[in-house]
Amino acid sequence: MPTAALSKKTSEPKQKSPKPYRFTINHLKKMYEAGIFSPEEKVELINGEPFIMTPIGFRHMKTVDKLNKILNSLISQESLPYVVSIQNPIKIDSKNLLYPDIAVYPEEIYQKEDIPRIKDAVLIIEVSDTTLEYDREVKLPVYAKGKAKEVWVINLKDNIIEKYTQPSEKLFKSVHIYQKNEKIKIFGKKINLSEILNS
């Protein structure tokens, strides 16, 4: 028997490596409807992979409340056309759904029927204590990919604020660290960080 014929006969097709299943927002909706997740559970999708959010602590909650009050006060005083959304969903596409602690949008965002997109927000804020590594390493690349204009990570571990701007691919070109005794600018006004970080 010719060698070529033998090798052709005994050769086996290459086995394909298993691939992870990627969920979509619609899949997630059906899982809630089926009772797989309870209504109280918030599940984020990162590149189609579900992450169940951990309950927040008291300092985290208090910091979100302070920021909400400060931002709404500025918007009201200056009659600015923005709205503050607390721990509500935001997306890039069908496989990326996040729940930032705070997102600030132009007020016309509520004229849309769909979940707001990351690029729609003028500011996204994550309050980070036990979630610092997850927020930095998992969520920030998604915000960059979604072309977030500005992201603040309120780093409660080190008592600083990390400001991220200029998204490019999966990272931000500009990162500025603010200490507790400094001020940060938003809507043309400066906020004393001691108001936020004194918890």
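Numbers given to residues run from 1 along each chain, matching the order in which its sequence is written. In keeping with the model being predicted, local features are shown solely for residues with a pLDDT of at least 70 and side-chain atom pairs are shown and tallied solely at 80 or more, while totals for entire chains, interfaces and linings include all residues. Just so you know, side-chain values use all the structure's heavy atoms and leave hydrogens and water out.

### Concerning a positive patch on the surface
Exposure above 30% relative accessible area and the lack of any salt bridge qualify a residue for a patch; like charges then connect within 9 Å, and the nonpolar side chains Val, Leu, Ile, Met, Phe, Trp and Tyr within 5 Å. Computed by Shrake-Rupley with a 1.4 Å probe, the accessible areas treat only the displayed protein chains as cover when residues are assessed. We count a salt bridge whenever a side-chain nitrogen from Lys or Arg sits within 4 Å of a carboxyl oxygen from Asp or Glu. Residues counted as positive are Lys and Arg, residues counted as negative are Asp and Glu, and His and the chain ends are not counted. The atom standing in for a charge is NZ when the residue is Lys, CZ when it is Arg, CG when it is Asp and CD when it is Glu. Together, Arg117, Lys119, Lys147 and Lys149 make up a region of like positive charge exposed at the surface. Its place among the elements puts lysine 119 in the loop between strand 6 (102-106) and strand 7 (123-128). A simple rule labels every residue: compare its accessible area, found with a 1.4 Å probe on the protein chains alone, to the largest value its type can have, and call it buried under 20%, exposed over 50%, or partly exposed in between. A relative accessible area of 48% means that lysine 119 is categorised as partly exposed. Note on conventions: DSSP H or I runs of at least 4 residues are helices, E runs of at least 2 residues are strands, and numbering of each starts at the N terminus.

### Describing the side chain of glutamate 150
Residue placement: glutamate 150 occurs in strand 8 (residues 150-155). Taking relative accessible area as the criterion, glutamate 150 reaches 14% and is therefore assigned buried. A polar contact of 2.8 Å, which involves the side chain of glutamate 150, links it to the side chain of tryptophan 152. The residues contacting glutamate 150, other than those within four sequence positions of it, are Val122, Leu123, Ile124, Lys163, Tyr164, Thr165 and Lys185. Whenever two N or O atoms come within 3.5 Å, that pair is a polar contact, provided that in protein one can donate a hydrogen and the other can accept it, and provided that, for residues adjacent in sequence, both atoms are side-chain atoms. The criterion used for residue contact is that any of the two residues' heavy atoms lie within 4.5 Å.

### Side note on the pattern of salt bridges
By the definition in use, this model includes 7 salt bridges. In this structure, the salt-bridge partner of lysine 139 is glutamate 44, at a minimum N-O distance of 2.7 Å. Taken together, the positions of lysine 139 in helix 4 (residues 132-145) and glutamate 44 in strand 1 (residues 43-46) put the pair 95 residues apart, joining distant regions of the chain. Relative accessible area serves as the criterion here: at 0%, glutamate 44 is assigned to the buried category. A salt bridge links lysine 139 to glutamate 126, with the shortest nitrogen-to-oxygen separation between them at 2.8 Å. Within this pair, whereas lysine 139 is found in helix 4, its partner glutamate 126 is found in strand 7, the two being separated by 13 residues in sequence. Of the two residues, lysine 139 and glutamate 126, neither departs from the other in class, the shared state being buried.

### Description of the packing of aromatic side chains
Only Phe, Tyr and Trp rings take part, Trp by its six-membered ring, and two of them pair if their centres are within 6.5 Å. Stacked means planes under 30 degrees apart, edge-to-face means over 60, and tilted covers everything else. Overall, the coordinates contain 5 aromatic pairs when judged by the stated rule. Between tyrosine 82 and phenylalanine 187 the ring centres are 5.1 Å apart and the planes differ by 15 degrees, which places this aromatic pair in the stacked class. Taken together, the residues span a long stretch of sequence, with tyrosine 82 in strand 3 (residues 82-86) and phenylalanine 187 in the loop between strand 11 (183-186) and strand 12 (189-192) at a distance of 105 residues.

### Things to note about the nonpolar core
Of all hydrophobic cores here, the largest spans 24 residues; its most connected members are Leu71, Trp152, Ile154 and Ile161. Only helix 3 (58-77), strand 6, strand 7, strand 8, strand 11 and helix 5 (194-197) provide two or more residues apiece to this core. With 6 residues, the top contributor of residues to this core is helix 3. Look past the residues within four positions of isoleucine 161 in its chain and what remains in contact with it is Trp152, Val153, Ile154, His176, Ile177, Tyr178, Ile184, Leu193, Ile196 and Leu197. Take the buried Ala, Val, Leu, Ile, Met, Phe, Trp, Tyr and Cys residues and link them wherever side-chain atoms come within 4.5 Å; each set so joined is a nonpolar core.

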